[in-house]
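Residue-level structure breakdown
Below are the chains, spelled out letter by letter.
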Amino acid sequence: MGYKLLFLSGLCAALAALPAHARQDDAAGYRAAAAKEALVKVGIHYRYGGASPEEGFDCSGLVAHVFERAWGISLPRRTAEQRSLGHAVKRGRMEPGDLVFYNTRNRPYSHVGIYLGDGVFVHAPRRGQRVRLENVDNPYWRARFDGARRLDPPTF
């Protein structure tokens, strides 16, 4: 438990050091803003079909909400649609803000989260749970990994 608290405090400190607002000309800044927005959703209740902090989140609702807030863009609401956004990224090349997809219902790409860096992602797991952090190297998640996608920042 102590390791998790130490890790979380370090991750929070690192994300707090990121710029508050992403710059249009800085793709890494955009992705960092999405990761930071995702991190502040930790602890919010799960709700199937939910897409706001007030009502709760399901996995794809969390992703759509985070990118709406961080980037000002609307993403598709369903994981099946989100899986075709952006471009594929190899597991070893993931960066904060990348989408991570998992097979959690004997159906490829049935779950999505947002990678934060250092092997950690945030997601809305299931009924009765809250938005939380997980390690991509946890045996459960490693065995169910379907891929990662990197979204291109918006151009205005």
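Going by the structure above, here's the rest.
Residues numbered from 1 in each chain as written. Predicted model: local features only at pLDDT ≥ 70, side-chain atom pairs only at ≥ 80, totals over all residues. Heavy atoms only, no water.

Turning to the overall build of the protein chain, a few remarks are in order. Helix and strand content of the protein chain: five helices and eight strands. Along its sequence from the N terminus, the protein chain presents helices and strands in the succession α-α-β-β-α-α-β-β-β-β-β-α-β. Counting the 156 residues in the protein chain, one finds 44% classified as buried. Long-range pairs, those at least 24 residues apart, make up 53% of the contacts in the protein chain between residues at least 6 apart in sequence. Counting every atom, the protein chain has about 8400 Å² of accessible surface; 50% of that belongs to carbon and sulfur. (Helix = DSSP H or I, 4+ residues; strand = E, 2+ residues; numbered from the N terminus. Buried < 20%, exposed > 50% of the residue type's maximum accessible area, 1.4 Å probe, protein only. Contact = heavy atoms within 4.5 Å. Areas by Shrake-Rupley, 256 points an atom, 1.4 Å probe, with all protein chains shown as cover.)

Time to look at the packing of aromatic side chains. Applying the stated criterion across every chain yields a total of eight aromatic pairs. Judged by centre distance (5.4 Å) and plane angle (80 degrees), the ring pair of Tyr30 and Trp71 falls under edge-to-face. Within this pair, whereas Tyr30 is found in helix α2 (residues 27–39), its partner Trp71 is found in helix α3 (residues 59–71), the two being separated by 41 residues in sequence. For the residue pair Tyr30 and Trp71, the accessibility class agrees, reading buried in each case. Look at Phe101 and Tyr109: their rings are 5.6 Å apart centre to centre, the planes differ by 55 degrees, and that puts the pair in the tilted class. For Phe101, a relative accessible area of 0% translates into the label buried. Taking the relative accessible area as the measure of exposure, Tyr109 reaches 26% and is therefore partly exposed. Here the aromatic residues Tyr102, Phe121, Tyr140, Trp141 and Phe145 are joined through ring pairs into a cluster of three or more. (Phe/Tyr/Trp six-rings, centres within 6.5 Å; stacked < 30°, edge-to-face > 60°.)

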